[in-house]
Amino acid sequence: MSPAHAAWATCGRPEAALPFRHRLAITFILAIAMLVPSHASSAAAPPGDWGTVQLLERVIAPGEKRKFSYQLSRTFEGSFLDTAVFVARGARSGPTLCVTALIHGDERNGFEIARQVFAATDPALLAGTLIALPAANVHGFRTGSRYMPDRRDLNRAFPGSTGTSNTALIAAIVFGTLREQCTALVDLHTGSFERANLPQVRVDLARPEALDLARHFGAAVVIGGAGPQGSLRREMMDAGIPAIIYEAGLPMRFEPQEIAAGVQGIRNVMIRLGMTAGQATAPTPPARIFSRSGWVRVPVGQGGVFYPVRGLGEDIRTGEIIARIHEPFTDERFDVPSSRDGFIVGAAVPQVVFSGYALVHIAQP
Ligand SMILES: [Zn+2]
């Protein structure tokens, strides 16, 4: 029985007698209670005294690597979050880098990046701590869904709250863990819904510490922006923790090239933070930094079988044909012009599309 379950068992009132929202609130309080000592213990260590780290009631010693389960309390329909936590405690003192993946459950490249980075980390040679949540939305990982079991988007639910939804509750628990522990965060994503992203880092260009991480990650493309309200990156930044996103490839796949670039990028960040020795790689030519981006969509009234005309990594000018759509009843062909000048950083793969569907993502200076 997990500690959280044990706490339930010793609780004065029978679990089944509590209204559901009360149970959620108690679950949250228990989870936060599990988190607080971890902060206290790590914060209590005097400078220069590099000791254990306590996380979710596990104690990880210097030079130790652990994988364990969250094992939070259950809702009435069963375990809603039983995902993996990876922790490597370095033999020497240093910062804590957190890596999150699969916040969108279908964006699988990030899982492999987190797994490979952790597998390659030798705690005896590590200064600081590496914490990975390789499958934050484990339900989505199992089912191939971007969303949480209640159809909500976890990456719009941070910092989370109690009493509104399971997604908000899980967001609060994940956010609480990361805020307590992380010196910096790399969140891993891919394109969504049959769209591919050129490997790229997203960062708030106005935040120097985060921009420094973005530059040293080593991706060829950096795109500015604070990110949507409720996204992990934005909320962590607002909590004072530098955070970047690495976006690469398509959902529902493991893509070796995009994964390898992500693994190298996190290694570069670890070198930058002084956590590991080695020579960081830099993109050749140097990274292109864009301040904004926007989409070319299927024009209203059109739809059909879509084929791209221009692809990832190409420069495009306003008015140039960027996509072609074949209307299947009339066999009429529509050419879709680009609505802006810029550089193509995301694109749909050939598929049936409808009016308003986002086809091509263009980054702009
Ligand atoms: Zn995503």
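Scroll up to find the structure this text is about.
Residues numbered from 1 in each chain as written. Predicted model: local features only at pLDDT ≥ 70, side-chain atom pairs only at ≥ 80, totals over all residues.

Draft legend 1. The overall build of the chain, seen in detail. Within the chain, the secondary structure is distributed over eight helices and 21 strands. Counting over 365 residues, the chain shows a buried share of 45%. (Helix = DSSP H or I, 4+ residues; strand = E, 2+ residues; numbered from the N terminus. Buried ≥ 20, exposed ≤ 12 C-beta atoms within 10 Å, placed from the backbone.)

Draft legend 2. Here's a closer look at the packing of helix α3 (residues 109-119) against helix α8 (residues 256-272). With their axes 9 Å apart at the nearest point, α3 and α8 run at an angle of 45 degrees to one another. The orientation of α3 with respect to α8, classified from their angle, is oblique. Remark: the crossing between α3 and α8 carries right-handed chirality. Packed against α3, whose contacting residues are N109, E112, I113, Q116 and V117, the element α8 presents E258, I259, G262, V263 and I266 at the interface. The class makeup of the residues in the contact of α3 with α8 is five nonpolar, three polar and two charged. (Axes fitted to C-alpha atoms, helices over the stretch in contact; angles between N-to-C directions. Parallel < 35°, antiparallel > 145°, perpendicular 65-115°, else oblique. Left-handed = near helix turned anticlockwise from the far one by under 90°. Contact = placed C-beta atoms within 7 Å. Nonpolar A, V, L, I, M, F, W, Y, C, P; charged D, E, K, R; others polar.)

Draft legend 3. Highlighting the nonpolar core. If you look at the biggest cluster of nonpolar residues, it comprises 92 residues, and the most contacted ones within it are V99, A101 and I244. When residues in this core are grouped by element, the largest group, eight residues, is from helix α5 (residues 166-181). Domain assignment of the residues forming this core places at least three in each of domain 1 (3-272) and domain 2 (292-364). Setting aside residues up to four positions removed in sequence, A101 forms contacts with G110, F111, I113, A114, L133, P134, A135, A136 and L188. (Core = buried A, V, L, I, M, F, W, Y, C linked by C-beta atoms within 7 Å. Domains from an automatic or database assignment.)

Draft legend 4. Here's a closer look at the packing of helix α6 (residues 208-217) against α8. Between α6 and α8, the shortest axis-to-axis distance is 8 Å and the interhelical angle comes to 125 degrees. When the interaxial angle is binned, α6 and α8 end up oblique. Seen along the crossing, α6 lies across α8 with a hand that is right-handed. Each of L213, H216 and F217 in α6 lies in contact with α8, whose residues at this interface are G265, N268, V269 and R272. For the contact of α6 with α8, the class distribution of residues is three nonpolar, three polar and one charged.

Draft legend 5. View of unusual backbone geometry. Residue F158 is joined to P159 through a cis peptide bond whose omega torsion reads 5 degrees. Topologically, P159 is positioned in the loop between α4 (138-143) and α5. You will see that E194, though not glycine, has its phi angle at about 60 degrees, which is positive. Along the chain, the position of E194 falls in the loop between β9 (184-189) and β10 (195-203). Backbone geometry places D331, a non-glycine residue, at a positive phi of 60 degrees. Relative to the helices and strands, D331 resides in the loop between β17 (321-326) and β18 (333-337).

Draft legend 6. Region of interest: α5. The end-to-end C-alpha distance of α5, which contains 16 residues, comes to 23 Å, matching closely the 22 Å that a straight helix rising 1.5 Å per residue would cover. Here α5 lies mainly inside the structure; 12 of its 16 residues are buried. Those residues of α5 that fall on the buried side of the exposure criterion are T167, A168, L169, I170, A171, A172, I173, V174, G176, T177, L178 and Q181. (Expected span 1.5 Å × (residues − 1).)

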